[in-house]
Amino acid sequence: MTDMTASALTPPRASTRGLSPAARLWRETWGQREFRFGLILILTLIAASILVPLVTGIDPAKMQIKDKYLPPVFLPGGTWAHILGTDHLGRDLFVRSLIGLQYALGISFTTVILMFLFGSMVGLVSGYFGKVVDALLMRLTDAQLSIPLIILAITLLTVSRPTVPLIIFVLAVSGWPVYARVARGVTLSERNKEYVRAAQILGASHWRIILTMIAPNILPPIAFVAVLDLARMMIFEAILGFMSIGVQPPTPTFGNIIADGRKYLINAWWIATMPGGFLLLALLSINLMGASLERARNKLFSGQI
Amino acid sequence: MNAPATSSSPARSERETILAVEDLGIELVRGAERRAILDGVSFAVPERGLIGIIGESGSGKTVLGRALTGWVPEPLRQTRGSVAVAGRKLSQLTNEELRQLRGRTVGYIGSDPGTSFDPTLPIGVQIAQKLRAVVPHTGWAAAKKRVLDLLDQVRIPSAARRFDEYPYQFSGGMLQRAAIVDALVAQPKILICDNITQPLDVTIAAQIVRLLRGLERDLATAIVFFTSSVPVAKELIDDLIILDKGRIIERGPKDRVIARPAEAHTRRLIDSSPRIWGKDVDVPRNTTAAALPSDVLLSVEDVVKTYRVPDRTRFSGTLEVKAVRGVTLDIRAGENVGLVGESGCGKSTLSRLLSWIETPDRGHIRFQGKDMAGLRGKELLAMRRKFQLLLQDPYNCLPPHLSVAKTIRTSLDIHGVKRAEARERARAVMHEVGLKDDDAERLPIGMSAGQRQRVNIARALVLEPTLLILDETLSSLDPAEQSRLIDLFERLQAKHGLTYLVISHDLALVRKVCSRVAVMYLGKIVENAGNARIFDNPGNPYTRALLSAVPVLDKGPFNPAECLVDGEPPSPINVPKGCSFATRCPKAADLCRSSEPLFSTSEQNRNGVACHFPYH
């Protein structure tokens, strides 16, 4: 390697030899522009959703009737005081959307993590042990699948007060069976592979095999699907808010902002559009990161890095 | 353009050249990486010619074989030269023309028949469909008739019934026959066989080779036969080409090449090919160790294992698969025992029982005098350390997500060794099996079969076992890598005092490393004797049949025409009455079909033959 061109021509494997697979994976992921862009975007969004309400001190629930229906700053008539305009009660949409984003991100992430962990654990156990365990767990999964989300949500959230933990619970409960099904399917084919038998011969316990041998091989592809579920959960959270069984006013959420704004779609379209805009940015960044990570992983396991 | 390989007999060079490869160069291009896979390969095959290309794995055989069909997939790139079939250069043909050519002019048989058929369609139907696709205006009835004829010709029994059966209902040998039919159905002018006998049992492989020899006479087809085994090539082919690292290093008639190889590499290839009989055969020094009294390490006593599978032909009910039907065997410390038999004879089930990942239905397995069935928890874990099983398939037996060093450390982790110590021991054992420090952080994906098998050995060895069970551990490696690993095993044995149980269908390997051999057939041991006894004067006709099927360079003492058996072993679901081998045995008498021969033991659990007419 005498100069830049020569080092650019050497195969990547030579330059990364000696690094652990995890380090190589991270290097490859970080090397992609999309990943850095997505990471910066999501960090900015998170920082903004926490900092902007604190720094500007604008109360998202404060009404100023004389400032109602102000358009965003980039439209004629907009002011810098309300960058994204105001709604029908003159509340600042920027701060309201950012707080809505806080809830949307918090709820969707927690939900997806919960249902991913619970669902894949059920799937792993059921697929690995098979027989009676499998039959029991899978019938339980079927039972859960037979209850539609909306019915469950209306029942639970109207009987008791819709708090954030309860909303997370409702969403997660309705989401895990899919993960259980998928994880079980892959586990069934994975547990008959030779490396699992090899681990048994070495004397590894069942739990060690499930957690350190099978799980690391089957969960990443499922996790990439879970990234898509983040979007679904954000939308479900918005649906609950829209039906006014989500997080309750005066706390702004995407759902109730849209619910408020839908009556004014013709004269003040921006009210109902803002949550959608933030949703788009958040999901875009997460998907970019997920896709980069998946590409890097595929490269790693096809021996290219 | 008369390559030396084809001009050996004047009659041949007069025939028209059907396949001409000229200065073919293929490179692997991946990103900035460029590696030559084939480098200036030239040869020609006349019509109805028969040519053998021998090379180790990694010599470019498969790439060359595919290039002959015009298939050079990414990331491979053809950089120079040409392949011409019947005078047409493949690189100049359109995809449509190539497709036509592949079915009708060139037939290809790969090494893995299991993946070359669509699992959702009956075998006969897919072959007939293929015929109709490449030869337009073929009626269904005509296509079916042609397929049936060919199925008959490759001696698939009751072809009409097999026509409608699915690939999963075929055994490996039968699938390989069906693959041959598939390649021959459109009467191609060239048949390319890529290592087709490697995954098969010796007896089945011998049948396939015999079959190909017959077909070559009956059908007007040129055959290009790729193999890594010199003896197999010698059985079948007159002209050999030796391929090494993408170059042709030697070519000529087989007798000359094998007797007086010009190149050092060719000599190495020939030397590394199995030898069973003859003066210069190295057999284990302790062949007579049987006489030495030493402790019984592993004692297997009348072990039975039966699996229950659902009976698909009825609404409910189960069938009993009698995988192991009463095996008795002693292994003494320091002696290497071989367990041989065709696939499906219960070897693998026995290995699972011996490694205690399944428990026998009946009988006892004692390790160092302790009955395994009585052990639980910690005691069992401590015992497991002492016997390790090395699995067959180097591609799937390593966890794909763990680096080499971590895989080896996992073994120690399971047995509660501290982290720092585990790291040190893993490093030491890696050196011992011939892995470099550089390999520590590699994933299995980029490694060769031999390297993976070394990792596999390392992770068992790091536990410091006393007994290693090698379940076909070496059978997927090419001869050169095999002999390197055998050397490694010998070194390890000398250093650590290991005992090996070698489970294999490779008799040459067993001849080389085992002092005692047990022959298994349909879940029972039919003969158990010392190395010399088994190979020079076997008592059971089945042992003789197995021995006669082994491809060797020198002439074996058993005449295949006399001893070789036809057909496949009966299913372990319907074990025949009487002697289980009677259905295929050339010497079977009425007595054999009515009563089962007992295992005659001259010494406890050691020398013995289960046959009514031993040494007959």
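Owing to the predicted nature of the structure, the values given are computational and were not obtained by experimental measurement. (Residues numbered from 1 in each chain as written. Chains lettered and ligands numbered in written order. Predicted model: local features only at pLDDT ≥ 70, side-chain atom pairs only at ≥ 80, totals over all residues. Heavy atoms only, no water.)

**Q** Got a minute to help me understand the environment of Ile357 of chain B in this structure?
**A** The topology assignment puts Ile357 of chain B in the loop between α12 (347–354) and β14 (362–367). When the C-alpha atoms of Ile357 of chain B and Phe367 of chain B are compared, they prove to be 14 Å apart, with 10 residues separating the residues in sequence. Each residue touching Ile357 of chain B, except ones within four places of it in the same chain, is listed here: Arg197, Gln200 and Ile201 of chain A together with Arg352 and Arg384 of chain B. (Helix = DSSP H or I, 4+ residues; strand = E, 2+ residues; numbered from the N terminus. Contact = heavy atoms within 4.5 Å.)

**Q** Sorry if this is basic, but what is going on with the environment of Asn195 of chain B here?
**A** You can see Asn195 of chain B is positioned in the loop between β7 (190–194) and α8 (202–218). Sequence separation of Asn195 of chain B and Ala323 of chain B is 128 residues, and the distance between their C-alpha atoms is 29 Å.

**Q** Where do I start with the interface of chain B and chain A in this structure?
**A** When the parts of a complex come together, some accessible area is lost, and that lost area is often taken as the interface size. Taken together, the 34 residues of chain B in the interface contact 29 residues of chain A. For chain B, the biggest contributors to the area lost against chain A are His401, Ile414 and Glu441 of chain B; these three give 21% of the whole. The tally of links between chain B and chain A comes to one salt bridge. The closest approach of N and O atoms between Arg208 of chain A and Asp413 of chain B, which form a salt bridge, is 3.5 Å. Linking chain B to chain A there are six residue pairs in polar contact (both at pLDDT 80 or more). Looking at the side of chain B that touches chain A, the elements that each hand over two or more residues are α13 (377–384), β16 (387–390) and α14 (404–414) of chain B. In terms of residue count, the dominant contributor to the side of chain B that touches chain A is α14 of chain B (four residues). Its residues placed into classes, the side of chain B that touches chain A shows 14 nonpolar, nine polar and 11 charged. (Buried area = accessible area lost by both parts, 1.4 Å probe. Salt bridge = Lys/Arg side-chain N within 4 Å of Asp/Glu carboxyl O. Polar contact = N/O pair within 3.5 Å; in protein donor to acceptor, adjacent residues only side chain to side chain. Nonpolar A, V, L, I, M, F, W, Y, C, P; charged D, E, K, R; others polar.)

**Q** Could you clarify how one ought to interpret helix α4 (residues 123–134) of chain B in this entry?
**A** Three- or four-residue spacings in an α-helix give side chains the same orientation, since the helix completes a turn every 3.6 residues. Residue and element names in this part refer to chain B. The terminal C-alpha atoms of α4 lie 17 Å apart, and with 12 residues this matches the ideal 16 Å at 1.5 Å per residue to within 8%. Taken together, the buried positions of α4 are Ile123, Gly124, Val125, Gln126, Ile127, Ala128, Leu131 and Val134. Those residues of α4 that are buried lie in contact with α3 (95–104), α5 (140–153), α6 (159–163) and α7 (172–184). (Expected span 1.5 Å × (residues − 1). Buried < 20%, exposed > 50% of the residue type's maximum accessible area, 1.4 Å probe, protein only.)

**Q** How do you make sense of the confidence of the model for chain A when you look at a structure like this?
**A** Detailed reading of predicted coordinates is not advised where the pLDDT is low. Confidence along chain A averages 86 in pLDDT terms, with 94% of residues attaining 70 or more. Here residues 1–14 of chain A is modelled with pLDDT under 50, and outside its nearest four sequence neighbours on either side it reaches 10 contacts, counting other chains as well. (pLDDT = per-residue confidence, 0-100.)

**Q** Looking at this structure, I do not really get the packing of helix α4 (residues 33–56) of chain A against helix α5 (residues 93–129) of chain A. What am I missing?
**A** Relative placement of two packed helices is described by the angle separating their axes and the distance separating the axes. All names here are of chain A. α5 packs onto α4 with a crossing angle of 135° between their chain directions and a minimal axis gap of 9 Å. Taken as axis vectors, α4 and α5 run oblique relative to one another. Judged by the sense of rotation from one axis to the other, the crossing of α4 with α5 is left-handed. Of the residues in α5, those touching α4 at Leu45, Ile46, Ala48, Ser49, Ile50, Val52, Pro53 and Thr56 are Phe94, Val95, Leu98, Ile99, Leu101, Gln102 and Leu105. Among the residues forming the contact of α4 with α5, the class breakdown is 12 nonpolar, three polar and no charged. (Axes fitted to C-alpha atoms, helices over the stretch in contact; angles between N-to-C directions. Parallel < 35°, antiparallel > 145°, perpendicular 65-115°, else oblique. Left-handed = near helix turned anticlockwise from the far one by under 90°.)

**Q** How should a nonpolar patch on the surface be read in this particular structure?
**A** Residue and element names in this part refer to chain A. Taken together, the side chains of Ile150, Ile154, Ile235, Ile239, Phe242 and Met243 make up a nonpolar region of the molecular surface, amounting to roughly 450 Å² of accessible area. Listing elements by their share of the nonpolar patch, those giving two or more residues are α7 (149–159) and α10 (206–242). A total of three residues in the nonpolar patch trace back to one element, the largest contributor, which is α10. Along the polypeptide, Ile239 turns up in helix α10. Looking at Ile239, the relative accessible area reads 32%, which means it is partly exposed. (Patch = residues over 30% accessible without salt bridge, like charges linked within 9 Å, V, L, I, M, F, W, Y side chains within 5 Å. Areas by Shrake-Rupley, 256 points an atom, 1.4 Å probe, with all protein chains shown as cover.)

**Q** What is the right way to read α4 of chain A from this model?
**A** Residues and elements named next belong to chain A. Taking 1.5 Å of rise per residue, the 24 residues of α4 would be expected to cover 34 Å, and the 32 Å separating its terminal C-alpha atoms lies within 8% of that figure. The largest bend along α4 reaches roughly 30° and is located at Ala48. Residues of α4 that are buried in the fold lie against α3 (21–30), α5 and α12 (270–301). One or two steps after α4, the chain reaches Gly57, where phi turns positive at roughly 70°. (Bend = angle between axes of the 7 residues up to and from the residue.)

**Q** Honestly, the packing of aromatic side chains in this entry has me stumped. Any pointers?
**A** The relation between two aromatic rings is expressed through the spacing of the ring centres and the mutual angle of the planes. All names here are of chain A. What the rule picks out here adds up to 15 aromatic pairs over all chains. Ring centres 5.1 Å apart and planes at 85° place the aromatic pair Phe118 and Trp176 in the edge-to-face group. Note that Phe118 is positioned in helix α5 and Trp176 in helix α8 (residues 164–190), a separation of 58 residues in sequence. Residue Phe118 is classed as partly exposed on the basis of its relative accessible area, which comes to 44%. Taken together, the ring pairs connect Trp26, Trp30 and Phe35 into an aromatic cluster. Its guanidinium or amino end placed over the ring of Trp30, Arg36 lies 6.0 Å from that ring's centre, counting from NZ or CZ. (Phe/Tyr/Trp six-rings, centres within 6.5 Å; stacked < 30°, edge-to-face > 60°. Lys NZ or Arg CZ within 6 Å of the ring centre and 35° of its normal.)

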